[in-house]
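What follows is each chain in one-letter form.
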Amino acid sequence: FQAEDGIRDHCVTGVQTCALPIYSGTRAIGRGGAFVVGADDLSAQYFNPAALDHIDRPTIQVSTWAANQYILFDRADEEASGLTFDPVENESPPIIEPNGGFATKLGGIHPALKNTTFAIGLYTPTAPYLTYPDEGAQRYSLTNALVWQVYAGPSVAQRITPWLTVGAGLQYTFLRVEEDLTASMCFGMDAEDTSSCSDPANNEDPKNDIKLSIRAWDPVKMSFNAGFILTPAKWIEIGAAVQPPISYRAPGTLETTFDEDAEITVGSMSLPMSSQVNGNHFVDDDITLLVTVPLIVRAGVQVRPTEKVRIELDGTYTAWSMLSELRVTDLDMHIDGNEDGLIAEGMDVKEDIVFTTGYRDSYSARLGGDVQLTNWALVRAGAHYETSAIPDEYVQVNLVDGPKWGFGAGATFTVAKRLALDVSFAEQFMGTRTISDSKVTQQALFTALSEPDKAVVVPGKVIGNGELSSNTTFVGVGATVYLGANP
């Protein structure tokens, strides 16, 4: 996040920048995400709009899936300062994601459009809720996060020749962000000496925390995606698609809350915070979050060894490295001081804040396929692997990333002449990462009592060392209604 007149954090949990790699759609989940070429439902709007050509009759589809991410963070104890930490887990319930829409060939409108497929629908990338204890060891990275990112709009696939199909989609998208985390307070006499903020024994008492709450929503952002499929022979298809970067500007609010028992501590001097500032809750209702979703390129090849068997191998590239730095600009935070206190003029934070993300580009491979067992039953399965976009030293609970691998399985049952039902299940694993050289620190609000009007946000103590493990379970269902005869 970048917050103008606010704060910035490393990642939007649940946006594509933090999305889980199986992506979107019940059938795609059952294939392990290998759906760039072989998509045969409305999920093609997300993976590759050219694949809409596989839909051969008017179709209405709805599907939904639940994703539940288990996360365990066991922060490393700090023996030198005598601090020990209890493990924390993600306590949120599964998130429910929707997908659906309508697709049809346009030949009924005019014979010249017989090779044109039109679709309109809504689709969402998968992301979990994240909820951790308010006073847990992870609180300086995150306590709660809920992010909705939705795509909707029309897409068109055009078969130009028997061997070339192209497709494109116009995307209306919105982003809604709700995130809570904690910062720390530290004080000194000299504005040049911020060592109190990185003292290993300092800044762990919850009563000296600053709780931050962000609520923001960008209701309208337009984008697009495009792709193609080559069919050099009946038994093979080759395809690729691109999703360009999307930059959101989300107006919203930032709330800051001090504990009623917070203290100002400098050396041996300790004063109640309540005696120095007026109030403990401050609201800025005019912030802007700037969030960028990076470029994504997908490519794949699908073969048909027999008429009833399809096997697909895909690769995906995500350009994370474009987010090498996060910067807070136009910062203008004022905390009203008590006229009889040491900081009578209040505390003002106006300098830019820069975070080095350490992001690197990620790559994934997906292998999946399906078999038509009978006229009424098709089964599918797949597996995937993705490299980590985050080095160990930058991993934290608000972006649980690492080398990911998993599998999926599913089926489609034609239960009536014009009705098919989909089911899928998938499991994804990240294993356990032991982090001993973390560069993740508290965000510490430092105030020099000699110059309280020049308060700054500086890196506090390191908080990211420990063991972090995660796995995610997906369960999906869907229904497809065919309005036309089976060709």
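Novice: I tried to follow the overall build of the protein chain on my own but got confused; where do I start?
Specialist: For the protein chain, the count of helices and strands is 2 helices and 27 strands. Put simply, the protein chain has 487 residues, and 56% of those count as buried. A sequence separation of at least 24 residues applies to 75% of the contacts in the protein chain between residues at least 6 apart. Put simply, the protein chain shows about 19,500 Å² of open surface, and 58% of that area lies on carbon and sulfur atoms.

Novice: Any chance you could explain the pattern of salt bridges here in plain terms?
Specialist: Oppositely charged side chains can pair when the atoms bearing their charge come close. On inspection of all chains with the given rule, the structure shows 17 salt bridges. The partner of Glu78 in a salt bridge is Arg75, with the nearest N and O atoms 3.3 Å apart. Like Arg75, Glu78 is buried. The closest approach of N and O atoms between Asp401 and Lys404, which form a salt bridge, is 2.5 Å. For Lys404, a relative accessible area of 3% corresponds to the buried category. Through salt bridges with shared partners, a single network forms among Arg27, Arg31, Asp40, Asp41, Arg310, Glu312, Asp370 and Asp422.

Novice: Would you explain a negative patch on the surface in this entry?
Specialist: On the surface, Glu89, Glu91, Asp134, Glu135, Asp205, Asp259, Glu260 and Asp261 cluster together into a negatively charged patch. Within the fold, Asp205 resides in the loop between β8 (164-188) and β9 (209-233). Under the relative-accessibility criterion, Asp205 is labelled partly exposed at 35%.

Novice: What is the right way to read the pairing of strand β2 (residues 59-75) from this model?
Specialist: Each regular strand carries side chains that alternate between the two faces of the sheet. The sheet contact formed by β2 and strand β27 (residues 466-482) spans 17 bridges and is antiparallel. Directly across from Asp74, in β27, lies its bridge partner Glu467. Bridge count between β2 and strand β3 (residues 88-89): 2 bridges; the pairing is antiparallel. Directly across from Leu72, in β3, lies its bridge partner Glu89.

The rules behind the values
Residue positions are counted from 1 within each chain, in the order its sequence is given. Confidence filtering applies because this is a predicted model: local features only for residues at pLDDT of at least 70, side-chain atom pairs given and counted only at 80 or more, and all residues used for totals across whole chains, interfaces and linings. Neither water nor hydrogens contribute to the side-chain values; these are computed over all heavy atoms in the structure. Working definition: helices are DSSP H or I runs of at least four residues, strands are E runs of at least two. Numbering for both runs from the N terminus. Categorising residues by exposure relies on relative accessible area from a 1.4 Å probe, with only protein chains included: less than 20% of the type maximum marks a residue as buried, more than 50% marks it as exposed, and the intermediate range marks it as partly exposed. We call two residues in contact when some of their heavy atoms are within 4.5 Å. With residues, only the protein chains shown are counted as cover, and all accessible areas are computed by Shrake-Rupley using a 1.4 Å probe. By convention in these notes, a salt bridge is any Lys or Arg side-chain nitrogen within 4 Å of a carboxyl oxygen on Asp or Glu. Residues form patches when they are more than 30% accessible in relative terms and have no salt bridge. Like charges link within 9 Å. Nonpolar side chains (Val, Leu, Ile, Met, Phe, Trp, Tyr) link within 5 Å. The positive count covers Lys and Arg only, the negative count covers Asp and Glu only, and His and the chain ends enter neither. For this purpose, a charge sits on NZ of Lys, CZ of Arg, CG of Asp or CD of Glu. At least two bridges found by DSSP between two strands are what make those strands a pair.

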